[in-house]
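So the chains spell out like this:
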Amino acid sequence: AGWYQPQVVYLFPLITWAAVRFGSRGATGATLLVATVAMYGAATGKGPFAQSNWHGLHLPLQMFLILAAATALLLAAAAREKDGIIEALSASENRSKAFFEYAPDAIFLFPAEGDDVGRIIAANPAAARMHGYPVDQLVGMTIRELDAPVDAAVFHARVRKILESGRMKFDVEHIDHSGRHIPFE
């Protein structure tokens, strides 16, 4: 049998956990711990690297330690990158929420495809003020319910054109809660 013993793989969960949980410091610490235990075992004739010929042991032990260190440091780098991405996404989401909440113009979010085309899934406070409805009442309504009749008739055509070209500028009139017509661009 060669130098490889299957019990060396039992050390990788420790290295993996330390790298993912504690980053590069955890990876370094776990690798140092594993290296110390592996070298001590090899020197005292115990463990997977114990051999009667100490000089023939260097290469397998070194290969194992290189693999363990590389695995730990790569996992730590990937975990740090993931954390950075999550942090950037969270910051972007917070900026988008602030823009949505504090925009002076009415903003409605609704699906442009599927069975619920035009059904409002979110409305900002400015939209609620302009239309005379509370936000929670606007959510669930359709844009066509707010459109003046002439605009409601062309709603689906406008959505199709926006989906095809990616943008469209048009004037539309909504009707607020009291029946007053509100022009929008």
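Look up: the structure comes first, before these words.
Residues numbered from 1 in each chain as written. Predicted model: local features only at pLDDT ≥ 70, side-chain atom pairs only at ≥ 80, totals over all residues. Heavy atoms only, no water.

Looking at the packing of aromatic side chains
Per the counting criterion, the structure on display carries three aromatic pairs. Look at Phe12 and Phe64: their rings are 6.0 Å apart centre to centre, the planes differ by 90°, and that puts the pair in the edge-to-face class. With Phe12 in helix α1 (residues 12-44) and Phe64 in helix α2 (residues 58-102), the pair connects residues that are 52 residues apart, well separated along the chain. A residue is classified by how much of its surface remains accessible, and Phe12, at 17% relative accessible area, is buried. We classify Phe64 as buried; its relative accessible area is 4%. Ring centres of Trp17 and Phe22 lie 5.2 Å apart, and the angle between their planes is 90°; on these two criteria the pair is classed as edge-to-face. Judged by its relative accessible area of 48%, Trp17 is partly exposed. (Phe/Tyr/Trp six-rings, centres within 6.5 Å; stacked < 30°, edge-to-face > 60°. Helix = DSSP H or I, 4+ residues; strand = E, 2+ residues; numbered from the N terminus. Buried < 20%, exposed > 50% of the residue type's maximum accessible area, 1.4 Å probe, protein only.)

Looking at the pattern of salt bridges
Summed over the entire model, instances satisfying the criterion amount to six salt bridges. For Glu93, the salt bridge is made with Lys97, and the minimal N-O distance between the two is 3.6 Å. One end of the pair is Glu93 and the other is Lys97, both in helix α2 and four residues apart, which spans about a single turn. Under the relative-accessibility criterion, Glu93 is labelled partly exposed at 44%. Between Asp176 and Arg180 there is a salt bridge, with its nearest N and O atoms 3.1 Å apart. (Salt bridge = Lys/Arg side-chain N within 4 Å of Asp/Glu carboxyl O.)

As far as function goes, none of this settles anything; it's purely spatial.
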